[in-house]
Amino acid sequence: HILSRQVYGFDCQSSKAPLVRNNEVPMLNLYAWPDLKAKSGIHDRIDQILALLSNDDAQAINWILHWSAALIQHPERRSMVAVMVLSKQQGIGKSLYGRMLAEIIGKGNSVVVSNKALRDNFNSHYVTSLLVLADEVGIDRNAGDVIAEIKAAITDDRVHCSAPYAARTTVTNRMSWWLSSNKRRPFLVEQDDRRFTILSPGKASTPYRKMLQKCFDPKTSKFEPHFYKEVQAFAYHLKNMEIDWRLI
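Quick summary incoming for the structure in this document. The model shown is predicted, which means the values in this text are computed figures rather than measured ones.

## Side note on the overall build of the chain
If you tally the helices and strands in the chain, you get 8 helices and 10 strands. The C-alpha atoms of the chain give 18 Å as radius of gyration, which agrees with the globular expectation for 248 residues (18 Å, within 12%). Projected onto the principal axes, the alpha-carbon positions of the chain cover approximately 60 × 45 × 40 Å. The proportion of buried residues among the 248 residues of the chain is 47%. Relative to all contacts within the chain whose residues are 6 or more apart in sequence, the contacts with residues 24 or more apart total 70%. Of the roughly 13,800 Å² that the chain leaves accessible, carbon and sulfur atoms contribute 50%.

Structure follows, in structure tokens:
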């Protein structure tokens, strides 16, 4: 109630401040500060996941790391390029990597969407998020409207925002997208379309799958404590990288 008398809208800046200023105008800060604390350490299992998702392509791994570092260091900046991981193999870490990024930037700043959610008349639950995680998006033959929505959400500087019982408005686009699919060709991407980076993972071995299973606590489905430490170490690595902006 007190804040409502002091602010003139909302913004998103990666700080703990509940109020921020945009052109000297006080705004409510929507950024949800993450629980995870970055700590120096090793992250061998995450390196294995990256190697598999990129099919051991050194250039692809380097690109993913710089793309991820940009998200971690500047979470409120839209990436302008979405990552799509395509593989018929299940349980190889396609969604896990996106989940780790969400943990690092703050789970309150990310959202999981489906084709149905992207077709919904109300989109305020994801267009105001910083990281959008999408599984099996666009695999329907009639998903042209979904793909058009995603393409606009990747590059447009402002997007429409619709919420129940509120007038439709536009908001600053801060979304970065991590998509995955079990289909080889979930939708058509033109050869010169720079809005997508497509990853084709290598074949997951039995030891790799067992390693991946041990990353989770079977009782809670949360990250296993030792793996959580690796996520903290990976966050530390990304936070301290010098980003090659031209590359990404």
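## A word on a positive patch on the surface
A surface patch of positive charge is lined by Lys16, Lys37, Lys39 and Lys229. Turning to its location among the elements, lysine 16 is positioned in the loop between strand S1 (10-11) and strand S2 (19-22).

## Remarks on a nonpolar patch on the surface
A cluster of nonpolar residues, Phe10, Leu28 and Leu30, forms a patch on the protein surface that exposes about 250 Å² of accessible area. The topology assignment puts leucine 30 in the loop between strand S3 (25-29) and helix H1 (44-53). Accessibility expressed as a relative area gives 40% for leucine 30, which makes it partly exposed.

## A look at unusual backbone geometry
Positive phi outside glycine occurs at asparagine 23, with the angle close to 55°. With respect to the helices, strands and loops of the structure, asparagine 23 is situated in the loop between S2 and S3. If you check the backbone angles, glutamate 24 has positive phi at about 70° while not being a glycine. The exposed category is assigned to glutamate 24, whose relative accessible area is 64%.

## Brief notes about the packing of aromatic side chains
Inspection of the entire model under this criterion finds 8 aromatic pairs. Aromatic pair tryptophan 67 and tryptophan 178: ring centres 6.1 Å apart, planes at 45°, arrangement tilted. Remark: tryptophan 178 occurs in strand S9 (residues 176-181) and tryptophan 67 occurs in helix H2 (residues 58-73); sequence separation between them is 111 residues. The burial state of tryptophan 67 is the same as that of tryptophan 178; both residues are buried.

## Overview of the pattern of salt bridges
This model, assessed by the stated rule, comprises 5 salt bridges. When the shortest N-O distance is used, the salt bridge between lysine 107 and glutamate 103 registers 3.9 Å. Residue classification places glutamate 103 among the buried positions, given a relative accessible area of 11%. For aspartate 193, the salt bridge identified is with arginine 195, shortest N-O distance 3.0 Å. Overall, aspartate 193 belongs to the buried group, its relative accessible area being 11%. Several salt bridges converge on common partners, so that one network encompasses Arg45, Glu224 and Glu230.

About the cut-offs
- Residues numbered from 1 in each chain as written.
- Predicted model: local features only at pLDDT ≥ 70, side-chain atom pairs only at ≥ 80, totals over all residues.
- Heavy atoms only, no water.
- Helix = DSSP H or I, 4+ residues; strand = E, 2+ residues; numbered from the N terminus.
- Rg over C-alpha atoms; globule rule 2.2 N^0.38 Å.
- Buried < 20%, exposed > 50% of the residue type's maximum accessible area, 1.4 Å probe, protein only.
- Contact = heavy atoms within 4.5 Å.
- Areas by Shrake-Rupley, 256 points an atom, 1.4 Å probe, with all protein chains shown as cover.
- Patch = residues over 30% accessible without salt bridge, like charges linked within 9 Å, V, L, I, M, F, W, Y side chains within 5 Å.
- Salt bridge = Lys/Arg side-chain N within 4 Å of Asp/Glu carboxyl O.
- Lys, Arg positive; Asp, Glu negative; His and termini not counted.
- Charge placed at Lys NZ, Arg CZ, Asp CG, Glu CD.
- Phe/Tyr/Trp six-rings, centres within 6.5 Å; stacked < 30°, edge-to-face > 60°.

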